[in-house]
Amino acid sequence: MNFLTLFFEFFKTGLFAVGGGMATLPFLYDMAGRHPEWFTAAEVADMLAVSESTPGPIGVNMATFAGYKMGGIVGALVATLGLITPSVIVILLVALFLKSFRNSPVVESVFYGLRPASSAMIAAAGLTVVGTTLVHTGESGWAFFDWKAILLAAVLLVLTRWVKPTKKLHPILFILASAVAGVVFSF
């Protein structure tokens, strides 16, 4: 394990994943394609599930999980530091120059332009997760649906949107129920 490569990969992710933790998903899928010995694209969905279920920022949780999988505790620290270092640098620079550029139309335009890019990255990540979770490609190359996962998603949609008694329940209850369903029905 080359920890410098690990740091650099997550540094790039932290530098360009604008928009929060979900925006790191396209970078993780790309990383899985370039470094299959680290983790696979299917494992990214597992990392997302673990990261969503644990306290803390999703992107940092995913970097920590991926780093730990790749290089133990040292790998977790290296990947996490790689991911957060660009943000720390940018925040320090912004704080340094904030008063000078606070009302700059150029700065406002840059942030306005980042919104659609961030939205597109999050949407692409969401579609990739849905495709990975609900559609599988068999050995013959034919795609088929994971009907158990589709049924679970449909039940959760109905319970969280249209059934009044369950509509206002805390999301953690649905996460726990999904975890139990995954164990019981062998997802």
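Worth saying up front: this structure is predicted, and the values here are computed from it rather than measured.

Enquirer: Give a detailed account of a positive patch on the surface, specifying residues and quantitative values.
Expert: Taken together, the side chains of R161, K164, K167 and K168 make up a positively charged region of the molecular surface. Mapped onto the fold, K167 is located in helix α7 (residues 164-167). Looking at K167, the relative accessible area reads 44%, which means it is partly exposed.

Enquirer: Please provide a residue-by-residue account of the nonpolar core, values included.
Expert: Within the largest apolar cluster, 23 residues are counted, with the highest numbers of intra-cluster contacts made by F10, L25, L28, F39, V44 and M62. The set of elements that each furnish at least two residues to this core consists of α1 (3-16), α2 (25-34), α3 (41-53), α4 (58-101) and α5 (105-134). For this core, the element with the most residues is α4, which contributes 8 residues. Setting aside residues no more than four positions away along its own chain, F39 makes contact with L28, M31, A32, V44, M47, A66, K69 and M70.

Enquirer: Tell me what's going on with the pattern of salt bridges, and back it up with residues and numbers.
Expert: The final tally for this structure, using the stated rule, is 4 salt bridges. Two residues, R34 and E9, come together in a salt bridge whose shortest N-O distance is 2.7 Å. Residue R34 is located in helix α2, and its partner E9 is located in helix α1; the two are separated by 25 residues in the primary sequence. Look at R34 and you get partly exposed, because its relative accessible area is 38%. By relative accessible area, which is 5% here, E9 ends up buried. Connected via shared salt-bridge partners are E9, K12, D30 and R34.

Enquirer: How would you sum up the packing of α2 against α5? Please name residues and give values.
Expert: Each pair of packed helices can be summarised by the angle the axes make with each other and by the distance between the axes. Following both chains from N to C, one finds α2 and α5 inclined at 55°, their axes separated by 8 Å at the closest point. The angle between α2 and α5 falls in the class oblique. Facing α2, whose interface residues are L25, P26, F27 and Y29, α5 presents M121, A125, T128, V129 and T132.

Rules and cut-offs
- Starting afresh in each chain, residues are numbered from 1 along the sequence in its written order.
- pLDDT decides what is reported in this predicted model: residues at 70 or higher carry local features, side-chain atom pairs at 80 or more are listed and counted, and totals for whole chains, interfaces and linings draw on all residues regardless.
- Hydrogens are left out, water is left out, and the side-chain values use all remaining heavy atoms of the structure.
- Exposure above 30% relative accessible area and the absence of a salt bridge qualify a residue for a patch, where like charges join within 9 Å and nonpolar side chains (Val, Leu, Ile, Met, Phe, Trp, Tyr) within 5 Å.
- Values of accessible area rely on a 1.4 Å probe in the Shrake-Rupley scheme; residue burial ignores everything except the protein chains shown.
- Salt bridge criterion: a side-chain nitrogen from Lys or Arg within 4 Å of a carboxyl oxygen from Asp or Glu.
- Neither His nor the chain ends is counted toward charge; the positive residues are Lys and Arg and the negative residues Asp and Glu.
- Where a charge lies is defined by one atom per residue type: Lys uses NZ, Arg uses CZ, Asp uses CG and Glu uses CD.
- Runs of H or I in DSSP of at least four residues are treated as helices and runs of E of at least two as strands, each being numbered from the N terminus.
- The buried label goes to any residue with under 20% of its type's maximum accessible area, the exposed label to any with over 50%, and the partly exposed label to all in between, with areas taken from a 1.4 Å probe on protein chains only.
- Residues grouped as a nonpolar core are buried Ala, Val, Leu, Ile, Met, Phe, Trp, Tyr and Cys residues, joined through side-chain atoms within 4.5 Å.
- Residues are treated as being in contact if the distance between any of their heavy atoms lies within 4.5 Å.
- Comment: axis = line fitted to C-alpha atoms, over the contacting stretch for helices; angle = value between 0 and 180 degrees taken between N-to-C directions.
- Orientation labels follow simple angle bins: below 35 degrees gives roughly parallel, above 145 gives roughly antiparallel, 65 to 115 gives roughly perpendicular, and whatever is left gives oblique.

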